[in-house]
Amino acid sequence: MLAKVVEGRKVGRTLGFPTANLEFLNPDEMPESGVYAVDVNLRDEMLRGVLNVGNRPTFGASEKVAEVHILDFARDIYDENLDITIRKFIRKERTFETSEALKKQIEQDREEARK
Ligand SMILES: Cc1cc2nc3c(=O)[nH]c(=O)nc-3n(C[C@H](O)[C@H](O)[C@H](O)COP(=O)(O)O)c2cc1C
C-alpha cells in the first residue's frame, strides 16, 4: 500500500508517539479500522511500525484517518512516500478514559510489533 506522509494535528508528539499521518495513493486500499504491526519501506530503508486506522474516539471522533508510528525513529518524513505492508492485526481501536491509558496501550502495541 503506497501512502504519502501528510500534516497531522501533532497531538501524537505530546503523547510521546510521533505519528506520520497517511494519505493512501489509492484510497480504496485503506485497511479496516484497527491497530496493525507493519513493515514500512522508506526509500528502500526497511522500518517497522504500528499503524492505527480509525477515527480516534478518545479525542472526539474525527473522520477515518490512518497514521503510523515508526519504531526507534525520529526523523521528519513529511511529504515522503511510504510503502506499507501489514504484518499482523493487533487489536480494534477503542475509546480510552484518559490519554495516559491510551499511551500505556500504545506502548503495548509497540512491544507487540517488535515481536
Ligand atoms: C499504535 C496506535 C494505536 C492507537 N490506538 C488508538 C485507540 O485505540 N483509540 C484512539 O482513540 N486513538 C488511538 N490512536 C490514535 C491517537 O489518538 C493519535 O495518535 C493521537 O490523537 C495523535 O494524533 P495526531 O498525530 O494527528 O496528532 C492510536 C495511535 C497509534 C499510533
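Scroll up to find the structure this text is about.
Attention in this report is confined to the structure presented alongside it.

What counts and what doesn't
Residues numbered from 1 in each chain as written. Predicted model: local features only at pLDDT ≥ 70, side-chain atom pairs only at ≥ 80, totals over all residues. Helix = DSSP H or I, 4+ residues; strand = E, 2+ residues; numbered from the N terminus. Rg over C-alpha atoms; globule rule 2.2 N^0.38 Å. Pairing = 2+ DSSP bridges. Axes fitted to C-alpha atoms, helices over the stretch in contact; angles between N-to-C directions. Contact = placed C-beta atoms within 7 Å.

## Describing the overall build of the chain
- The number of helices and strands found in the chain is 2 helices and 6 strands.
- Along the chain, from the amino end to the carboxyl end, the secondary structure elements read β-α-β-β-β-β-β-α.
- In summary, the chain has a C-alpha radius of gyration of 13 Å against a globular reference of 13 Å for 115 residues, a match within 12%.
- Taken over the C-alpha atoms alone, the chain extends approximately 40 × 30 × 25 Å along its principal axes.

## Notes on the sheet that holds strand β3 (residues 34-42)
- Taken in spatial order, the 6 strands of this closed barrel run β1-β2-β5-β4-β3-β6, and their pairing is antiparallel. In this sheet, neighbouring strand axes are inclined to one another by 45° on average, regardless of whether the strands run parallel or antiparallel.
- Sheet topology note: the strand β1 (residues 2-6)/strand β6 (residues 81-91) ladder contains 3 bridges and is antiparallel. Within β6, the position partnered with Ala3 by the bridge is Leu82.
- Its contacts with the sheet place helix α2 (residues 99-114) against β3, β4 (45-54) and β6, and it is angled at close to 140° to β4.

## Examining the pairing of β6
- Alignment of β3 against β6, held across 8 bridges, turns out to be antiparallel. Paired with Asn41 across the bridge in β6 is Asp83.

## Side note on the pairing of β4
- Strand direction decides the pairing type here: β3 and β4, joined by 9 bridges, are antiparallel. When the sheet's bridge partners are listed, Ala37 is paired in β4 with Val50.
- The pairing of β4 with strand β5 (residues 65-70) spans 6 bridges and is antiparallel. Bridge assignment links Gly54 to a residue of β5, and that residue is Val65.

## Structural notes on the environment of Leu102
- Locating Leu102 in the fold gives a position in helix α2.
- Sequence spacing of Leu102 and Asp79 is 23 residues, and the spatial spacing of their C-alpha atoms is 27 Å.
- Aside from chain neighbours lying at most four places away, what touches Leu102 is Thr58 and Phe96.

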